[in-house]
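Each chain, written out:
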Amino acid sequence: MSVLENIRFQRTFGSAGIALGLLLTLRHIDCINGTTPIIIGLCLLAVCSVVAVCIKYRYKFGFNYTLLLFIAACAFSLIIERPEPLKYCWLRLAGFTIALAAFSPLISSRLLSSLRRGIWKGWWIGAVILTAASFMTLLTAVATSSTAEFHYFGFRGIMTMGMTLSPVAALTAIFALYRLQGEIPIRMKRIAWLALFCAGAITAVAAGSRIAVIGLIAGSAVILVFGWRDGRRKTVIGLLCALMAVGAVCLSVPSISNSIKHKTALAVEDGSPISSRQEKWKGRVTEFRIAPLTGVGFCAQTVFNSPYDNETEILDGKSPEPGSSWLSLPAQTGILGTGAFLAFLIPVIAKLLRKPRPLLSAVFVFLLLNGISEGWLLYSSALLFPLFWLSTSFAYE
C-alpha cells in the first residue's frame, strides 16, 4: 500500500468512525428507539471493511488473545448453563463480540485505530450535543416551573431517562474541564468550554444519578491534579472556584438537587442510602454462588430479588439490569470469565499508571466508579459500553 493510499484509507475510516460515534450517542434521544441491530450491523461492516483492506494490501493486523479467551469463557458459560432465554443470550454474545472488534483492542491495526479514534471523537461530539440540548430544556423547565421532564429517577432532558443523561452530562463536564486545562489562546473559546462545564455539571446533578456525580468529582480531581503537576496552578485555582460555584447553584436551586435528595431520603427510610442497589448486588452474589466456575450465563439473570426486576419481561428477551458491571461479570461468567477479564484489565491499568494521560485517566476513573452501580460492561447497547472499551484500546497503544 502506498503512503497516499494509506492516508486515504485512514481518513475514510476516521470519518466513518465519527459518524458511528455520533449515532452511538444520539440514538439515546427519547424519540429514537430500536437502533441496536443497526449499530451492530454498522460495527460489523466497519470491522469487515478494515480487515478486507488489510488482507488485500497485506497490511499487518493482530489479535488480543486475552480478550479471545474472555469471549470463549462467555460462550462456555452459555454452553454449560443454558440459561433462559438462551437464544437472546447467544444473540447478545454475538453483538458483544462484534462490538469488541470495533471498540476494543481485540483486533489491532492502524486502520482500526483510525476508526476507533473517529468513534471516540464522534462519541464526544454527540455527548456535547445531548448535554447542551438537555441543559436548555432544564433552563426552560426551571423558568416555567414545568415538571414534565422531572420524575423520581431524575431530570431526563431530551433522553429516555435521567440515569442515562446523568453520566453523559458528567463526562461532558470532565471533557470541558480537560479542554480548559489546555492552551486555548482565544478567550471566547475558554468561555464556551467553561459554560459547557457548568452546564454539564448542573445537568448531571439534576438528572439524579449519585454515582455519576461522584464520578464527576473524581474525574475532575484527576484533571486538576494533572494541571497542577504541569504548572498551570492559576488555572486550577480558577477552576476550583468554578466547581464550588456550580456546587452552590446545585444546592440552592431545589429543582436541580431535589431528585438526588428525594432518592436518598427514600433509600434511607428503607434502611440504607444505597438500598435499591444493595438488593441487585445481593442477587448477583447469589448467582455467583449458584455457579462459581462458569456463572449463570452471559447476559442472563436467574435471581429476581429486586422490585425493579421484571422477571416476565427478562425471560421474554428484554436485557436485564444487573445493577453493577463489576458484580455482573462474576455472576454471569464465573471465575473463568472474571479471571480472563482481569488478565486483560490489569495491564491496561498498569499502562495508564506508567504513561498517564489526563482525559483518558479521568474517563477511566469515572467508568470504574460508575460500574459499581451501573451494569453496562457486557451490554453492547449501553451508552457507556463503547467509551470503556475504546479507553482500553487507547491505553494499549
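Above this text you will find the structure in question.
Bear in mind the structure is a predicted one, so any value in this text is a computation, not a measurement.

Caption draft 1: Up close: the overall build of the protein chain. Along its length, the protein chain carries 15 helices and 2 strands. Split into buried and exposed, the 397 residues of the protein chain put 52% on the buried side. The contacts in the protein chain between residues at least 6 apart in sequence include a share of 77% that link residues at least 24 apart. Total accessible area computed for the protein chain in this model is approximately 17,700 Å², and 67% of it derives from carbon and sulfur atoms.

Caption draft 2: Region of interest: the side chain of Ser 325. For Ser 325, the location among the structural elements is in helix H13 (residues 325-354). Here Glu 374 takes part through its backbone oxygen, which lies 2.7 Å from a polar atom of the side chain of Ser 325. The contact partners of Ser 325, leaving out residues within four places of it in the chain, are Gly 371, Glu 374, Gly 375, Trp 376 and Leu 377.

Caption draft 3: Representation of the pattern of salt bridges in the model. Enumeration over the complete set of coordinates arrives at 3 salt bridges. The closest approach of N and O atoms between Glu 287 and Arg 284, which form a salt bridge, is 2.8 Å. Placement of the pair is Glu 287 and Arg 284 together in helix H11 (residues 275-290), with a separation of 3 residues, close to one helical turn. One continuous salt-bridge network, built from bridges that share partners, spans Arg 277, Glu 321 and Glu 374.

Caption draft 4: Just helix H7 (residues 187-207), in detail. If you check H7, its first and last C-alpha atoms are 30 Å apart, about what 21 residues at 1.5 Å a residue would give, namely 30 Å. Among the residues making up H7, those that are buried are Trp 193, Leu 196, Phe 197, Ala 199, Gly 200, Ala 201, Ile 202, Thr 203, Ala 204, Val 205, Ala 206 and Ala 207. Once H7 ends, the next one or two residues include Gly 208, with phi positive near 95°.

Caption draft 5: Quick peek at the environment of Ser 134. By the secondary structure assignment, Ser 134 is in helix H5 (residues 110-144). On the basis of relative accessibility, which here comes to 0%, the residue Ser 134 falls in the buried class. Each C-alpha atom, one on Ser 134 and one on Leu 165, is 8.3 Å from the other, the two residues being 31 residues apart in sequence.

Caption draft 6: Summary view of empty space enclosed by the protein. Overall, the coordinates contain 1 cavity of 30 Å³ or more when judged by the stated rule. Approximately 40 Å³ is the volume attributed to the largest cavity. As for the largest cavity, its lining consists of Leu 24, Arg 27, Thr 36, Ile 39, Ile 40, Ser 380, Ser 381 and Ala 382. Take the lining of the largest cavity: its biggest share by element is 3 residues, from helix H2 (residues 36-56). Of the residues that constitute the lining of the largest cavity, the class distribution is 4 nonpolar, 3 polar and 1 charged.

Caption draft 7: Summary view of helix H8 (residues 210-229). Look at H8: 29 Å from first C-alpha to last across 20 residues, which is about the 28 Å you get at 1.5 Å a residue. Restricting attention to buried positions, one finds in H8 the residues Ile 211, Ala 212, Val 213, Gly 215, Leu 216, Gly 219, Ser 220, Val 222, Ile 223, Leu 224, Phe 226 and Gly 227.

Caption draft 8: Layout of the nonpolar core. Ranked by size, the top nonpolar core spans 109 residues in total, and within it Phe 103 and Trp 389 carry the most contacts. Excluding its chain neighbours within four sequence positions, the residues that come into contact with Phe 103 are Leu 24, Cys 43, Arg 116, Ile 119, Phe 385, Pro 386, Trp 389, Leu 390 and Ser 393.

Caption draft 9: Local environment of the environment of Trp 228. Here Trp 228 is to be found in helix H8. C-alpha separation for the pair Trp 228 and Gln 181, spaced 47 residues apart in sequence, amounts to 9.7 Å.

Caption draft 10: Here's a closer look at a nonpolar patch on the surface. On the surface, a nonpolar cluster with roughly 640 Å² of combined accessible area is contributed by Phe 76, Ile 79, Ile 80, Trp 90, Leu 293, Ile 335 and Leu 336. Where the nonpolar patch is concerned, the elements lending two or more residues are helix H3 (65-81) and H13. Here the nonpolar patch takes 3 residues from H3, the largest share from any one element. Within the secondary structure layout, Leu 336 lies in helix H13. On the accessibility criterion, Leu 336 (38% relative accessible area) is partly exposed.

Caption draft 11: Molecular detail of the environment of Ser 393. Its place among the elements puts Ser 393 in helix H15 (residues 385-396). With 291 residues separating them along the chain, Ser 393 and Ala 102 place their C-alpha atoms 10.0 Å apart. For Ser 393, the residues in contact, after removing those within four places along its chain, are Phe 103, Ser 104, Pro 105 and Arg 116.

Caption draft 12: Examining the packing of aromatic side chains more closely. Per the stated rule, a full pass over the model turns up 23 aromatic pairs. On the numbers, 5.5 Å between centres and 5° between planes, the contact of Phe 344 with Tyr 396 is stacked. One end of the pair, Phe 344, is in helix H13; the other, Tyr 396, is in helix H15, and 52 residues separate them in sequence. Looking at Phe 344, the relative accessible area reads 1%, which means it is buried. Above the plane of the ring of Tyr 396 lies Lys 351, whose end atom (NZ or CZ) is 5.4 Å from the centre.

Caption draft 13: Up close: the packing of H13 against H15. Two elements in contact, H13 and H15, have axes separated by 8 Å at closest approach and are oriented at 35°. Handedness of the crossing formed by H13 with H15: left-handed. Residue-level inspection shows Trp 326, Phe 341, Phe 344, Leu 345, Pro 347, Val 348, Lys 351 and Leu 352 of H13 in contact with H15, the latter providing Phe 388, Trp 389, Thr 392, Ala 395 and Tyr 396. By residue class, the composition of the contact of H13 with H15 is 11 nonpolar, 1 polar and 1 charged.

Caption draft 14: Quick look at unusual backbone geometry. Of note, the amide linkage connecting Glu 84 to Pro 85 takes the cis form, showing an omega dihedral of -5°. Looking at the secondary structure, you find Pro 85 in the loop between H3 and helix H4 (86-103). Not every positive phi belongs to a glycine, and Arg 82 is a case in point at roughly 50°. Mapped onto the fold, Arg 82 is located in the loop between H3 and H4. Despite not being glycine, Cys 299 has its phi angle at roughly 60°, a positive value.

Conventions used here
Residues numbered from 1 in each chain as written. Predicted model: local features only at pLDDT ≥ 70, side-chain atom pairs only at ≥ 80, totals over all residues. Heavy atoms only, no water. Helix = DSSP H or I, 4+ residues; strand = E, 2+ residues; numbered from the N terminus. Buried < 20%, exposed > 50% of the residue type's maximum accessible area, 1.4 Å probe, protein only. Contact = heavy atoms within 4.5 Å. Areas by Shrake-Rupley, 256 points an atom, 1.4 Å probe, with all protein chains shown as cover. Polar contact = N/O pair within 3.5 Å; in protein donor to acceptor, adjacent residues only side chain to side chain. Salt bridge = Lys/Arg side-chain N within 4 Å of Asp/Glu carboxyl O. Expected span 1.5 Å × (residues − 1). 1 Å grid on protein atoms, 1.4 Å probe; cavity = no way out; pocket = protein on both sides within 12 Å on 5 of 7 lines; lining within 4 Å. Points joined across faces, edges and corners; volume = space filled by probe spheres on them. Nonpolar A, V, L, I, M, F, W, Y, C, P; charged D, E, K, R; others polar. Core = buried A, V, L, I, M, F, W, Y, C linked by side-chain atoms within 4.5 Å. Patch = residues over 30% accessible without salt bridge, like charges linked within 9 Å, V, L, I, M, F, W, Y side chains within 5 Å. Phe/Tyr/Trp six-rings, centres within 6.5 Å; stacked < 30°, edge-to-face > 60°. Lys NZ or Arg CZ within 6 Å of the ring centre and 35° of its normal. Axes fitted to C-alpha atoms, helices over the stretch in contact; angles between N-to-C directions. Left-handed = near helix turned anticlockwise from the far one by under 90°.

Note that every value here comes from positions in space, so none of it alone points to a role or purpose.
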